[in-house]
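Structure assessment
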Amino acid sequence: MTDLTKLTLVESVKHVKEKKCSAEELVDAYVKRIEKSDKLNCFNTKDLENAVSKAKKIDTNKKLDKALVGAPIAVKDLFCTKGLKTTASSKILSNFIPTYESTVTEKLWNEDAILIGKLNSDEFAMGSSNETSSFGNVLNPYRLNNENLVPGGSSGGCASAVAADLTSATVGTDTGGSIRQPAAFTGIVGLKPTYGRCSRWGIVAFASSLDQAGPMTKDVKDAALMLDVISGYDEKDSTSANKPKSSFLNSIKSNIKGLKVGVPKEYRVDNMPKEVDDLWQEGIKILKDNGAIIKDISLPHTKYALPTYYIIAPAEASSNLARYDGVRYGFRAEGKDLTEMYENTRSKGFGAEVKRRIMIGTYVLSSGYYDAYYLKAQKVRNLIKVDFDNAYKDVDVILTPTTPTPAFKFGENTDDPIAMYLNDIFTVTANLAGLPAISLPIKYNKDGLPLALQLFGKSFDEQTLLNTAYSIEQQVNFKSQVKDWWM
Amino acid sequence: MSINKDTIKKISKLARISVTNEETDRLEKDLNSIIKFVEQLKELNTDKIAPIASVSDQALTMNKDEIKKINEKEEILKNAPEKNSNYYIVPKVIE
């Protein structure tokens, strides 16, 4: 019998639609795997019993025609789910139960997908290794000589869960690389859509001008299907875009003849491992073989992207996280007066990285420093955006590696915040410029770890991005090499 | 520009996060290294560049002015650490 958890999302839905399996059988297969996979620590909350009863109910439907019918889906624990605990992997939200559903997840359930749980992440999505979670480390299903590796972050639970077949697909959030970097570390596809493509309503906010939800999936077609479902205008999010869209999945094609692909010289950073540089050259060759035209381009302000990000993101976070005051969200640490209660609640409720970012954000926004840091960063952000505007006069997509290294060991980058931040060096620019970008697994290195390439697209041109990724995917034929060592 | 212990104290007050002496030492080291990193931006002349707060070119839209009745008082208050009938309870503010 086929192991149903090995199917892609597109195949799973097809199975249910064609009654090759029932929704209940599909959910059961995932439930059994999830129950044997606690060691990976992907889940903050499981909702397995409800999932089974929802599946049974779907099986009684006369029509099985919804886009995600019967697909068991766990989501990052940053999406508010009505009546089900939503923690952002933080102690301060450890018993918060939302009274509403995020727009993105509501769209999933409207298409008959089935919620199976909430996935671990870095606390408030702040981190690149999932090590800042209040609920413990998530393990990468890939290991280095039997030693555990980080799954990347912040959507680390999402990435490991997809790679380990614990969810048919998932949605993560990406503020500086939080979908793409963990996707790269675990050999899956991660797509950050254009800013405004998906509603941010009901997602625990980190940095509102950068945050964007997006799919993390087993392959490119799955990403297209997920984007079809979760995207669209939402009057509850004033920054969500009112753009016409057709089906990304139905329009997908691998013919990229004549496509112009930019290769930015500024992404060739010092100390880049040879395997990553070689990977990049391989990507260029594949695209050339597929009929694309390769052009050397320049994005001159690239080196300033990470410093810009580490002013803007903490500034917005310090403002967004001001709401956690010990009054409205479940967690409170007592104090002798109101101010001391606030201070104790926030001191005990937030972890070290979140505090660090709130402090930096507060500093750069404070009187006397605002112009020198925050305003300066907003100006450089403009320069970075203009870099891309200029590049896109000559090219359709841009090809780079997703990360400077493959997955690393626990504790390797925790002593030095800057070393950890450098993980996002190739990904943050897409958030600052609001552009769509996709990470695509290409091959394994000599140690058996996944390596990935990234493609940037033009604003609201996810279709070209998906087509290009699909064309590469067809050539590289990347297959999961996850061995179930944790079971 | 460097951040000293007094600055940490001031920021922690503004951010409403109490910090221990140990935390202050670590924060002093970490925040200074982050500030040093972001100060690379000073190399750039941005006198003639406009700041952008968002990349969205979307103009704000008007929603229909209609009443939607949502009565979730009880549900919302369930998340409160302390409450009394329809109110949140906080430590005494005025003596």
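Residues numbered from 1 in each chain as written. Chains lettered and ligands numbered in written order. Predicted model: local features only at pLDDT ≥ 70, side-chain atom pairs only at ≥ 80, totals over all residues.

1. As for the sheet that holds strand β11 (residues 450-456) of chain A
All names here are of chain A. Ordered in space as β4-β6-β5-β10-β11-β9-β7-β8, the eight strands form an open sheet in which the pairing is mixed. Among the strands making up the open sheet, the edge pair consists of β4 (170-174) and β8 (293-297). Neighbouring strand axes in the sheet, compared pairwise and without regard to direction, differ in orientation by 30 degrees on average. Looking at chain direction, strand β9 (residues 397-401) and β11 are connected through four bridges and run antiparallel. When the sheet's bridge partners are listed, L399 is paired in β11 with L455. In the packing of helix α7 (residues 220-230) onto the sheet, the strands contacted are β4, β5 (189-192) and β6 (212-217), and the crossing angle to β6 comes to about 145 degrees. (Pairing = 2+ DSSP bridges. Helix = DSSP H or I, 4+ residues; strand = E, 2+ residues; numbered from the N terminus. Axes fitted to C-alpha atoms, helices over the stretch in contact; angles between N-to-C directions. Contact = placed C-beta atoms within 7 Å.)

2. Notes on the sheet that holds strand β3 (residues 114-119) of chain A
All names here are of chain A. Strand order in the open sheet formed by three strands is β1-β3-β2, and the pairing between neighbours is mixed. Two strands in the sheet have a free side with no partner beyond their single neighbour: β1 (43-46) and β2 (72-76). Adjacent strand axes in the sheet meet at a mean angle of 30 degrees when their direction is disregarded. Here β1 pairs with β3 via three bridges, running antiparallel. Bridge assignment links F43 to a residue of β3, and that residue is L119. On the sheet, helix α2 (residues 23-35) packs against β1, β2 and β3 and is oriented at approximately 50 degrees with respect to β2.

3. A few points about the interface of chain A and chain B
A common way to state how big an interface is: give the accessible area lost once the parts meet. Contact with chain A, which involves 56 residues of that partner, is made by 41 residues of chain B. Of all elements in the fold, only α10 (305-320), α11 (338-349), α12 (352-365), α13 (370-391) and α14 (417-421) of chain A reach the threshold of two or more residues within the side of chain A that touches chain B. In terms of residue count, the dominant contributor to the side of chain A that touches chain B is α13(A) (eleven residues). In terms of residue class, the side of chain A that touches chain B is made up of 27 nonpolar, 17 polar and twelve charged. (Nonpolar A, V, L, I, M, F, W, Y, C, P; charged D, E, K, R; others polar.)

4. Overview of unusual backbone geometry
The peptide bond linking A:G153 to A:S154 adopts the cis configuration, its omega dihedral lying at 10 degrees. Mapped onto the elements, A:S154 comes out in the loop between β3 and α5 (156-163). Positioned with a positive phi, A:D112 is a non-glycine residue whose angle comes to about 70 degrees. Classification of A:D112 by C-beta neighbours within 10 Å gives buried; the count is 23. Its identity is not glycine, yet B:S85 carries a phi of approximately 40 degrees, on the positive side. Within the secondary structure, B:S85 is located in the loop between β1 (83-84) and β2 (87-88). (Buried ≥ 20, exposed ≤ 12 C-beta atoms within 10 Å, placed from the backbone.)

5. Things to note about the pairing of β4(A)
All names here are of chain A. Among the five residues in β4, five count as buried, and that is most of the element. Burial along β4 is two-sided: the face carrying T170, G172 and D174 and the face carrying V171 and T173 are both buried. Note that β4 and β6 share five bridges and pair antiparallel. From the neighbouring strand, G172 faces β6, where its bridge partner is G214.

6. Considerations on the pairing of β11(A)
All names here are of chain A. The element β11 is largely enclosed, with a buried count of seven among its seven residues. Where burial is concerned, the two faces of β11 agree: the one with P450, A452, Q454 and F456 and the one with L451, L453 and L455 are both buried. As judged from the seven bridges shared by strand β10 (residues 437-444) and β11, these two strands associate in the antiparallel manner. If you follow P441 over to β11, its bridge partner there is A452.

7. Remarks on the environment of A:E282
When you line up the elements, A:E282 lands in helix α9 (residues 274-289). Sequence separation between A:E282 and A:V476 is 194 residues; the distance between their C-alpha atoms is 9.9 Å.

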